[in-house]
Amino acid sequence: MIRYTQKFGKEWKHDHKNFAERKVNMDRNAPIGVFDSGIGGLTVAREIMRQMPQERIVYFGDTARVPYGSKSQETVLRYSRQIIRFLKTQGVKAIVIACNTASACALETVKQELDIPIIGVIYAGARTAAEATHNGKIGVIGTEATIRSGIYTREMQKLRPDIEVIGKPCPLFVPLVEEGLFHDSVTDEIASRYLSSLKEKYIDTLVMGCTHYPLIRSTIRKVMGDKVNLVNPAYETAIELKNLLERDNLANKCDVDSPSSMYRFYVSDAEEKFKLFANSILPFDITMTKQINIENY
Ligand code: DGL
């Protein structure tokens, strides 16, 4: 069994060697699997597309079972395993868990079970925030499951033990985003209620610890003011993926093709709604979305 850690430390280097030896024949042209409970992971997919335009992507949004954030760790782990099994049937060469909740609940376990590299979004976000803070006070907003797991606090304090991390679950943000209320007075009102306790703590850095939240970034910015650094882990996650693919000789060297042949999108429900959303978030119109029954995997 191959262990794969996100941290480029000793253990990673050792495992990396094993992995590279065993996977010399892995197809570099194979797609990267990216998944989320719904549309939030598109913010990560968009960043991968921007930073690695030559990479193919198979995206899965679990639109039938969103939200994950209010579910138990066991349930999110079960869902994640099913999605990973599905993505493996698509011949992916690596997987990005583009969901903080699934990263918090499942990454540590599933990476022990897989023979391809898998990363989540939390380590990248934690590291960026720990590097960005000046006063050592960092806020993290996310789903109930992510905040309850305490994973951001642990990761940041491993890097800088003096950091104070203040977590705040914002459970209504996901449905507001899924409803498309990106610029709406209801979203403004909920955001000022959720974020007021963080403002009172004088944080100088705020991690958007849910991949749905960058879609209401302007509202969060308005409430928090210009002086607070807003961290979107998507950017750093794409860099982490790029490094990983290069180290494992898995980076695609082929020419960039049209989006319709580079990207495939799968959902577990409401295909048309997903397509509309994706088209408002991505820099091109998606043509192919397919609904699958994820419970079959
Ligand atoms: N977008 C997901 C995250 O990053 C989860 C939202 C949800 O399903 O609750 O946590």
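Just above, that's the structure.
Calculation criteria
- Residues numbered from 1 in each chain as written.
- Predicted model: local features only at pLDDT ≥ 70, side-chain atom pairs only at ≥ 80, totals over all residues.
- Heavy atoms only, no water.
- Helix = DSSP H or I, 4+ residues; strand = E, 2+ residues; numbered from the N terminus.
- Buried < 20%, exposed > 50% of the residue type's maximum accessible area, 1.4 Å probe, protein only.
- Pairing = 2+ DSSP bridges.
- Right-handed = clockwise from strand over helix to strand, strands pointing away.
- Contact = heavy atoms within 4.5 Å.
- Axes fitted to C-alpha atoms, helices over the stretch in contact; angles between N-to-C directions.

Asker: Describe the side chain of Glu 155, and please don't skip the residues or the numbers.
Answerer: Positionally, Glu 155 belongs in helix α7 (residues 151-159). Residue classification places Glu 155 among the buried residues on the basis of a relative accessible area of 10%.

Asker: Describe the pairing of strand β9 (residues 263-267), naming the residues involved and giving the relevant values.
Answerer: Along β9, 4 of the 5 residues are buried, which leaves the element largely enclosed by surrounding structure. Pairing geometry for β9 and strand β10 (residues 289-291), over 3 bridges, is parallel. The residue bridging Tyr 266 from the neighbouring strand is Lys 290, located in β10. Traced from β9 through helix α13 (residues 271-281) to β10, the parallel crossover comes out right-handed.

Asker: So what about helix α2 (residues 42-51)? Which residues, and what values?
Answerer: Within α2, 8 of the 10 residues are buried, which leaves it mostly tucked inside the rest of the structure. Restricting attention to buried positions, one finds in α2 the residues Leu 42, Thr 43, Val 44, Ala 45, Glu 47, Ile 48, Met 49 and Gln 51. Considering only its buried residues, α2 is in contact with β1 (32-36), β2 (57-61), β3 (94-97), α11 (233-247), β9 and α13.

Asker: Lay out the sheet that holds strand β6 (residues 164-169) with the relevant residues and their values.
Answerer: Here we have 4 strands laid out as an open sheet, ordered β6-β5-β7-β8, and parallel in their pairing. Edge strands, defined here as strands with exactly one partner in the open sheet, are β6 and β8 (229-231). Sheet twist, expressed as the mean angle between neighbouring strand axes with direction ignored, is 20 degrees. Inspection of the sheet shows strand β7 (residues 205-209) paired to β8 by 3 bridges, in the parallel sense. The residue of β8 that forms the bridge with Thr 205 is Asn 229.

By themselves these figures say nothing about function.
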